[in-house]
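# Examination of the molecular architecture
Given next are the chains, with one letter for each unit.
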Number of protein chains: 2
Amino acid sequence: MSDGMERDVVAPRRRPVTLRDVAEDAGVSVATASKALNDQGRMTAETRTRIQEAARRLGFRPNGLAQSLLRRRSFTVGMLTNDTYGRFSLPVMAGISEALVDNGVSVFLCNVEDDPRLGQLHVDAMLEKRVDGIIATGKRLDRRLPIDLSKLGVPVIYAFTEPDADAIAFVSDDEGGARLAVEHLVRLGRRRIVHVTGPARFAVVHQRAAAYRAVLAEAGLAAPAVMMGSWTESWGREAADILFAPQGEKPDAIFCGNDQIARGVIDGLRERGIDVPGAVGVVGFDNWEIVATQSRPPLTTVDMNLVSLGREAGMTLLSLVDGKPVEPGIRKLPCRLVVRQSCGRPPDG
Amino acid sequence: MSDGMERDVVAPRRRPVTLRDVAEDAGVSVATASKALNDQGRMTAETRTRIQEAARRLGFRPNGLAQSLLRRRSFTVGMLTNDTYGRFSLPVMAGISEALVDNGVSVFLCNVEDDPRLGQLHVDAMLEKRVDGIIATGKRLDRRLPIDLSKLGVPVIYAFTEPDADAIAFVSDDEGGARLAVEHLVRLGRRRIVHVTGPARFAVVHQRAAAYRAVLAEAGLAAPAVMMGSWTESWGREAADILFAPQGEKPDAIFCGNDQIARGVIDGLRERGIDVPGAVGVVGFDNWEIVATQSRPPLTTVDMNLVSLGREAGMTLLSLVDGKPVEPGIRKLPCRLVVRQSCGRPPDG
DNA sequence: GCGTCAAGAGAAAAGGTTTTCTCAACGCCT
DNA sequence: AGGCGTTGAGAAAACCTTTTCTCTTGACGC
């Protein structure tokens, strides 16, 4: 073979073209080149287009590191999460990313797994990379991230996780969400509504239970004792067994603490030959589509609007980075009821 | 009130302490300070500790942007995915992160949603931020990302997604995984094994089906026609209905293309009063724990080892970044069978 | 014709770190 | 005493871009 082009095992790493290369190509100084490309400064139109043309031809791409160094702004934020499966943090991340991408801001995603060492490692890496801000997310509202973020010298926002004192946080309005669900059942004429939910150690369990009781009280209905268990389908099935044991009054609606429980309840009812929604209406929580749409019948459930929550968090972080003052405190964002077929149709529908 | 300390609405942004501050504090030049902190150069032990002490006291943290600019290495990689729910890309990401975090490398996660504009936006942002490399991930092996990554001048690795020509890719060994599943059923003495799987347009559907047929042929068993449908529980239930319609020979094992189908099959069988694993053994694919552990009985299924796959991808990217040559090509990583209770016990167990 | 002004472009500093080179001082050997 | 090697530390360049300041040149008004 001739000594012609050999195929490399890996694409050759060519030196990136710098502003200096562009300037030389166009026969001007780097200062002029910079101004030409940023539409700043004064120069003849001819000069400007000549420089821009050179940049285009050479494939010039400004070095963000140099820009960041100068602007003291990296256009980068870090996101911390302990939600391994991303069930909650991915929608939040999507919203954050949506809010930031048009400003050229990228997101470091770091899963810290409730491991303080790992958390410190990631936070240190972020800080050295001079992130403009940090967003802390969690899998549940009650579990704190394993690191103290309050003294970092960088804006921090909490999204869907328990904030430190005096922090800025966005969480879902769980009381409001529970209200939507229970009011929906009441409006459909259900009279004996029970609540099957997760473990008592979760704050949201109590928030939702309180709203459940409040709505029933307002409607003049009795509130049976809240049934707490795990966040699983099997607990849902077990709850259905308990509720429809031979003796005792049977409910005509079940408000579940998450979609998995609801799915378990629905499966349990079907196996007992109880019609959903005919005899019993069921509402879930989370709107986890993969569960909610595949249950039989498809599940009416509360959506926490996590994408909007993320978007809000992202936009607020941006304000903070721009130096605008933001009141600390917890902002509760409204939920939304997604009506499918597990409750029957609303009377006015 | 006196003009004492007022509480700020937001933590004050103090100027970060630089090497220069440390040097001044210790009464040396920045050059010396740098060497002291990096354990380089020569100086008296007293000088070195004095500088290190000053750095510690002042809370000095080197500016990664400046370091990156100099080293031409940002210690940052970008990850592109089109897997909105993170079902596949999050485990891959976990593996990547695991491989990189100890080298101080952080990961930009970008969801591009099959949108070329969004993809270009994110890729541009990455390139300007001078990522050391890019990892492309997809939700399925067959759907290509909506951008051409081959001419970026940056190392690119594909993980669990269809690579461009001459690229480096890590994918799961779907033939091998299917083999594990079917061989397991054969070993347990199942004789009529059917395969219920996803849509024909997926490459993996054909790969797994081929392995399924091969194993049956090797065992001298007949291979009924592969049943292709959607990746859903409802297709699994429908398939169960078809297979156990009154007439015709009934299978004694079902190999399913994913865990959701398997779950649908199991539910369908239970509703027909057919015992799993007594009468019929069922194997799934993906080891999606939330589905596999909550089905009744818990599902024996194929795990694609996505975390290891991510780890391999991350380590290979690191080699590439270090300039080590890597053969292009597709590497298939082995799967692993997770035995639960949907097939009965192996005879030797 | 001289002073004023604007336009167009470049020089230089800044941002924070690393690294190479230089320099001064000192001890030691012949 | 002169030369040499060693040790400790600093100066300066480099990385790449942006921005301010300065400078030159030509036009224009009086």
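Quick caveat: nothing in here was measured; it's all calculated off a predicted structure. (Residues numbered from 1 in each chain as written. Chains lettered and ligands numbered in written order. Predicted model: local features only at pLDDT ≥ 70, side-chain atom pairs only at ≥ 80, totals over all residues. Heavy atoms only, no water.)

What surrounds DNA strand D is a group of 26 residues, the closest being A:Leu19, A:Gln67, B:Thr32, B:Met43 and B:Thr47. The share of sugar and phosphate among atoms of DNA strand D within 4 Å of the protein is 68%. A:Asn63 places a polar main-chain atom, nitrogen or oxygen, 3.3 Å from a phosphate oxygen of DNA strand D. The contact in question runs from a base oxygen of DNA strand D to an N or O atom on the side chain of B:Lys35, over 3.0 Å. Those elements that provide at least two residues to the surface near DNA strand D are helix H2 (30-37) and helix H4 (64-71) of chain A together with helix H2 (30-37) and helix H4 (64-71) of chain B. Considered class by class, the residues forming the surface near DNA strand D number 11 nonpolar, 11 polar and 4 charged. (Near = heavy atom within 4 Å. Polar contact = N/O pair within 3.5 Å; in protein donor to acceptor, adjacent residues only side chain to side chain. Helix = DSSP H or I, 4+ residues; strand = E, 2+ residues; numbered from the N terminus. Nonpolar A, V, L, I, M, F, W, Y, C, P; charged D, E, K, R; others polar.)

Our next topic: the interface of chain A and chain B. Residue-level contacts link 67 residues of chain A with 67 residues of chain B. The junction of chain A with chain B conceals about 5,800 Å² of combined surface from both sides, 53% of it contributed by carbon and sulfur atoms. At the junction of chain A with chain B, the criterion picks out 10 salt bridges. Here A:Glu233 makes a salt bridge to B:Arg263, at a shortest N to O gap of 2.6 Å. (Contact = heavy atoms within 4.5 Å. Buried area = accessible area lost by both parts, 1.4 Å probe. Salt bridge = Lys/Arg side-chain N within 4 Å of Asp/Glu carboxyl O.)

Residue and element names in this part refer to chain A. It is at 9 Å that the axes of H2 and helix H3 (residues 45-58) come closest, and there the two elements cross at 90°. In terms of orientation, H2 lies roughly perpendicular with respect to H3. Where H2 approaches H3, its residues Thr 32, Ala 33, Lys 35, Ala 36 and Leu 37 are matched on the opposing element by Thr 47, Arg 48, Ile 51, Gln 52 and Ala 55. Classifying every residue of the contact of H2 with H3 by side-chain character gives 5 nonpolar, 3 polar and 2 charged. (Axes fitted to C-alpha atoms, helices over the stretch in contact; angles between N-to-C directions. Parallel < 35°, antiparallel > 145°, perpendicular 65-115°, else oblique.)

Turning next to the relation of the copies chain A and chain B. Two copies of one chain are present, and they are related through a rotation about an axis combined with an axial shift. Overlaying chain A on chain B yields an RMSD of 0.1 Å, the required transformation being a rotation through 180° with an accompanying axial translation of 0.0 Å. The transformation relating the two chain copies, once decomposed into turn and shift, fits a two-fold axis. Closest approach to the rotation axis within chain A is made by the C-alpha atom of A:Phe108, at a distance of 2.2 Å. A share of 100% of the interface residues of chain A reappears at the interface of chain B, consistent with the copies meeting face to face through the same patch. (Least-squares fit on C-alpha atoms with pLDDT ≥ 70 in both.)

So, on to the nonpolar core. Counting residues in hydrophobic clusters, the biggest one holds 96 residues, and the most contacted among them are A:Val182, A:Ile193, A:Phe255, B:Val182, B:Ile193 and B:Phe255. Residues within four places of B:Val182 in sequence aside, it is in contact with B:Ile193, B:Tyr212, B:Val215, B:Leu216 and B:Phe255. (Core = buried A, V, L, I, M, F, W, Y, C linked by side-chain atoms within 4.5 Å. Buried < 20%, exposed > 50% of the residue type's maximum accessible area, 1.4 Å probe, protein only.)

Another point: empty space enclosed by the protein. Tallied over the entire structure, the rule returns 2 cavities of 30 Å³ or more. Forming the walls of the largest cavity are A:Glu233, A:Gln260, A:Arg263, A:Trp288, A:Ile290, A:Val291, B:Glu233, B:Gln260, B:Arg263, B:Trp288, B:Ile290 and B:Val291. Put simply, the parts of the chain that give the lining of the largest cavity at least two residues each are helix H10 (259-271) and helix H11 (289-292) of chain A together with helix H10 (259-271) and helix H11 (289-292) of chain B. By residue class, the composition of the lining of the largest cavity is 6 nonpolar, 2 polar and 4 charged. (1 Å grid on protein atoms, 1.4 Å probe; cavity = no way out; pocket = protein on both sides within 12 Å on 5 of 7 lines; lining within 4 Å. Points joined across faces, edges and corners; volume = space filled by probe spheres on them.)

Domains assigned within chain A are domain 1 (16-53), domain 2 (75-173 + 307-334) and domain 3 (174-305). Using C-alpha coordinates to define each centre, domain 1 of chain A is positioned 39 Å away from domain 2 of chain A. (Domains from an automatic or database assignment.)

Residue and element names in this part refer to chain A. As for its placement among the helices and strands, Ala 178 is situated in helix H7 (residues 174-187). Taking the C-alpha atoms as reference points, Ala 178 and Val 205, 27 residues apart in sequence, are found 10 Å from one another. Setting aside its immediate chain neighbours within four residues, Ala 178 contacts Arg 208, Ala 211, Phe 255 and Phe 285.

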